[in-house]
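Listed here are the chains, written in short residue letters.
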Amino acid sequence: MKYEALAKDIVEKVGGKENINSLTHCITRLRFQLKDTGKADTEYLKNKEGIVTVMESGGQYQVVIGNHVPDVYDAVRKEANMSDGASSGSSSSNGSLFNRFIDLISGIFQPILGVLAAAGMIKGFAALFLAIGWLTEKSGTYQIMHAIGDALFYFFPIFLGLTAAKKFGSNQFIGMALGAALVYPTLVSAMALGNENATMLFSGTFFESESALTFLGIPVISMTYTQSVIPIVFSVFFASKLEKFLKKVIPDVVKAFLVPFFTLIIIVPLTFLIIGPISTWAANLIGAGAIGLYNFSPLFAGLLVGAFWQVLVIFGLHWGLVAIAINNISTSGYDIIIPLTFAASFAQTGIVLGIFFRTKNKQLKSLSIPAFVSGIFGVTEPAIYGITLPRKKPFIYSCIIAGITGAMIGWAGTKMFFMGGLGIFGYTIFIGKAGLDMAFWMSLIATGAALVLGLIVGYLTHSDKKEATIEKGADAGETAQEAVVNDVLVESPVSGNVVDLTTIQDPVFSSLAMGKGIAIEPDSNVVVAPFNGVVESLFPTGHAIGLKSDNGAEVLIHIGIDTVKLEGKYFKPLVSQGETVEIGQPLIEFDREAIKQEGYDTVIPVVVTNSNLAKDVVLEDHKTIETGKHILTVIL
């Protein structure tokens, strides 16, 4: 498996599989819930090849991988002997109530986020084709497209029953059965409001409700649970508690069918009688509260939510708002929160595009292109972690622009009618029964403004020269000469032909996810120290070494592509981990001809792994290089 070695390292450095309570992933990150985060070796993981960064937020230990995170997730799951989306133990009760809430919400919704977005896109395109007159409501094409897109939302309790059961550590099929009962067609029809046989309960109060059914003589409050969110989550929660109790008291010989039998026969009626109505009323109150705050000042709401959305995304705290948005759709038929955030990714992307056009730094240009493409499709982590956040001011500018354009969307009253795609695939979620109204067009205007403003600001404010020599000195009260003293001159660790790092056949290095740097096709068999420093990491196989200079620059020297598979063959380390080394000191001997004969590429990436903390990494313009010659400068 391509990511087997990386997965093994991740599992080991988060404290081993016994320290993992649960694991999920989103678009770019592995999200662990650990029993004890103190057992995790965060510094090692941050500097590990194949990992962008590590952070702790919302009760989760988040390992940022990049766009190939699904493959790494599968490898980690296999390494830790975990089933898909399951936990290796019970959910942790550690952490604050808020952190546990965020972990719960993200754990339930993340697994279905992709198909949720896909269904929303299909439903959105059906609404678009209807609005522009390409299709009619009676056409078979429209009805099938609408069914494809709407089916997941209509039967949402079944899907949430599955993911909630995984999160609560209970039988997933029991969770699905509970969800199916809530949307069973006969019961849905029987509990439809306006039934002529219905009686009124709690007349004259906030809880006034119809009842057209009884269970053992007890009235069942008529509720609509199709597309609902909160009732099934609470139902599965109580079912998981009952299931665990029943497993303790029912003999093993009949446990396989009696545990589900008693769980369903008890929890389904309780859900219709008590859990469902109470949780639905709670959901309605949450939805009404969110809409009430929005109606108080849509413009201010847009300014606030838009400006801070990317900050929430960084820490994974946006899931709280996503959950409220999904609940709003199920209770009110629309949401007003997510539209306020829609322009944020365009602001971030515009800043990156402006920097791309302004900079003459080849490495920064090559990093900007994939970040821009990802951003257009709504995935902004490459732009945030690779470009704007390390430079601080561009990130702040993007947040300000997102706030301004979010206020425009709030002022227009733009609503989201279903969950859908991200970035340019997200416009259709704003098409409701009114068709292409002004609220829809404002989403186009605001995102266009965000992109253009970001481009202009990014272009006007970025300066290669300022990054290289002035900004650090000015910000810290130093002179330009004092700032240069802190720069780290990196000499070539090997002789050979210089290769553009973005062209090598390894996506982890070529995408610059590991950091900026250069690659060398060696014509010698010894790697030497490129500066005075310490050996921070020496891979057991001897194919790679991590060094830290006296001034704080961290450089990884990786001999060959996928040479970890050689398991140390043809490599001879000459130093040990933790050893202090001097510039020019031999570090590793290797047999490049033998490595080639084994079928491996011998190109050597030389990467500044903490380049996100540096002002810049300036590459020297060489086609060939000799050992000991200046190859790049790290400006700290």
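Residues numbered from 1 in each chain as written. Predicted model: local features only at pLDDT ≥ 70, side-chain atom pairs only at ≥ 80, totals over all residues. Heavy atoms only, no water.

Some remarks on the pairing of strand 17 (residues 586-590)
The pairing of strand 11 (residues 526-528) with strand 17 spans three bridges and is classified as antiparallel. The residue of strand 17 that forms the bridge with V528 is P586. (Pairing = 2+ DSSP bridges. Helix = DSSP H or I, 4+ residues; strand = E, 2+ residues; numbered from the N terminus.)

Details of the packing of helix 8 (residues 172-182) against helix 10 (residues 230-249)
Viewed as axis vectors pointing N to C, helix 8 and helix 10 meet at an angle of 140°, and their least axial separation amounts to 10 Å. Here helix 10 runs oblique to helix 8, going by the angle between their axes. Crossing of helix 8 against helix 10: the hand is right-handed. Counting all contacts with helix 8, which are made through I174, G175, L178, G179 and L182, the residues of helix 10 involved are I232, S235, V236, A239 and E243. The class makeup of the residues in the contact of helix 8 with helix 10 is six nonpolar, three polar and one charged. (Axes fitted to C-alpha atoms, helices over the stretch in contact; angles between N-to-C directions. Parallel < 35°, antiparallel > 145°, perpendicular 65-115°, else oblique. Left-handed = near helix turned anticlockwise from the far one by under 90°. Contact = heavy atoms within 4.5 Å. Nonpolar A, V, L, I, M, F, W, Y, C, P; charged D, E, K, R; others polar.)

Observations regarding the packing of helix 15 (residues 344-358) against helix 19 (residues 438-461)
Remark: helix 15 packs on helix 19, axes separated minimally by 6 Å, with the N-to-C direction vectors making an angle of 35°. Note on packing geometry: the crossing formed by helix 15 with helix 19 is right-handed. Contacts from F346, A347, T349, G350, I351, L353, G354, I355, F357 and R358 of helix 15 reach helix 19 at T447, A450, L451, G454, L455, V457, G458, Y459 and L460. Of the residues belonging to the contact of helix 15 with helix 19, the class tally is 12 nonpolar, six polar and one charged.

Points about the pairing of strand 12 (residues 533-538)
Walk down a regular strand and you will see the side chains alternate between the two sheet faces. In terms of strand pairing, strand 12 meets strand 13 (residues 544-549) through five bridges, oriented antiparallel. Each bridged residue has a counterpart across the sheet, and for V534 the counterpart in strand 13 is K548. Remark: five residues form the turn of the hairpin made by strand 12 and strand 13, two consecutive strands paired antiparallel; G542 in that turn has positive phi of roughly 75°. Of the pairings in the sheet, the one linking strand 12 to strand 16 (residues 580-581) comprises two bridges and is antiparallel in character. Looking at strand 16, one finds that G533 is bridged to V581.

A look at the packing of aromatic side chains
A full pass over the atoms with the stated rule returns 15 aromatic pairs. When the ring of F342 is compared with that of Y427, the centres are 5.3 Å apart and the planes differ by 80°; the resulting orientation is edge-to-face. Of the two residues, F342 is situated in the loop between helix 14 (338-341) and helix 15 and Y427 in the loop between helix 18 (393-412) and helix 19; the sequence distance between them amounts to 85 residues. Between the aromatic rings of F346 and Y427, the centroid separation amounts to 6.1 Å while the plane-to-plane angle is 40°, which identifies the pairing as tilted. On the criterion of sequence distance, the pair formed by F346 in helix 15 and Y427 in the loop between helix 18 and helix 19 is long-range, its members being 81 residues apart. Y427 matches F346 in its accessibility class, with the two residues each being buried. Here the aromatic cluster, defined as three or more aromatic residues joined through ring pairs, consists of F342, F346, Y427 and F430. One residue, K13, lies across the ring of Y44, its end atom 4.6 Å from the ring centre. Cation over ring: K123 sits above F153, and NZ or CZ is 5.3 Å from the ring centre. (Phe/Tyr/Trp six-rings, centres within 6.5 Å; stacked < 30°, edge-to-face > 60°. Buried < 20%, exposed > 50% of the residue type's maximum accessible area, 1.4 Å probe, protein only. Lys NZ or Arg CZ within 6 Å of the ring centre and 35° of its normal.)

A word on the pattern of salt bridges
In the structure shown here, the tally under the stated rule is eight salt bridges. With a shortest N-O distance of 3.1 Å, R77 and D74 are connected by a salt bridge. Here R77 pairs with D74, and both are found in helix 3 (residues 69-79), just three residues apart, close to one helical turn. Residue class for R77 comes out buried when judged on its relative accessible area of 19%. One salt bridge in this structure joins E554 and K548, with 4.0 Å as the shortest N-O distance. Relative accessible area serves as the criterion here: at 32%, K548 is assigned to the partly exposed category. (Salt bridge = Lys/Arg side-chain N within 4 Å of Asp/Glu carboxyl O.)

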